[in-house]
Amino acid sequence: MIFKGAIASIDEETNTARIIPDDTPQKTFPGIVIPDNLRERIRRGTRVIFAYFTDGEGIILSRMDGENNG
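No experiment lies behind these values; they were computed from the predicted model shown. (Residues numbered from 1 in each chain as written. Predicted model: local features only at pLDDT ≥ 70, side-chain atom pairs only at ≥ 80, totals over all residues. Heavy atoms only, no water.)

## Some details on a nonpolar patch on the surface
1) Next: A cluster of nonpolar side chains, Ile2, Val33, Phe53, Ile59 and Leu61, forms an exposed patch at the surface whose accessible area comes to about 430 Å².
2) Next: Along the chain, Val33 turns up in strand β3 (residues 29–33).
3) Next: Residue Val33 is classed as partly exposed on the basis of its relative accessible area, which comes to 35%. (Patch = residues over 30% accessible without salt bridge, like charges linked within 9 Å, V, L, I, M, F, W, Y side chains within 5 Å. Areas by Shrake-Rupley, 256 points an atom, 1.4 Å probe, with all protein chains shown as cover. Salt bridge = Lys/Arg side-chain N within 4 Å of Asp/Glu carboxyl O. Helix = DSSP H or I, 4+ residues; strand = E, 2+ residues; numbered from the N terminus. Buried < 20%, exposed > 50% of the residue type's maximum accessible area, 1.4 Å probe, protein only.)

Here it is in structure tokens:
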């Protein structure tokens, strides 16, 4: 599924983020992969669009403001 939400924290070691979805702020999605082009462009609080799959894997697709490339 595709969601939008805000970065709650970033794990630099695994290059993943924990994200709080807009529609259910009491829940978080951990271990969402940060693509190379966004590594230096997101931080805690950045609003993003992300995909999350039933197997527990996910990836950030874009920043909500569209500022994805350096």
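After that view of the structure, there is still more to cover.
## A few points about the environment of Asp65
1) Next: You can see Asp65 is positioned in the segment after β5 (58–63).
2) Next: C-alpha of Asp65 to C-alpha of Pro25: the two residues are 40 residues apart in sequence and 20 Å apart in space.
3) Next: Reaching out from Asp65, the side chain makes a polar contact with the backbone nitrogen of Glu67 at a distance of 2.9 Å. (Polar contact = N/O pair within 3.5 Å; in protein donor to acceptor, adjacent residues only side chain to side chain.)

## A word on the side chain of Arg63
1) Next: Looking at where Arg63 falls in the secondary structure, it is placed in strand β5.
2) Next: One polar contact links Arg63 to Asp65, side chain to side chain, over a distance of 2.5 Å.
3) Next: Among all residues touching Arg63, those that are not within four sequence positions of it are Leu38, Arg41, Ile42, Thr46, Arg47, Val48 and Asn68. (Contact = heavy atoms within 4.5 Å.)

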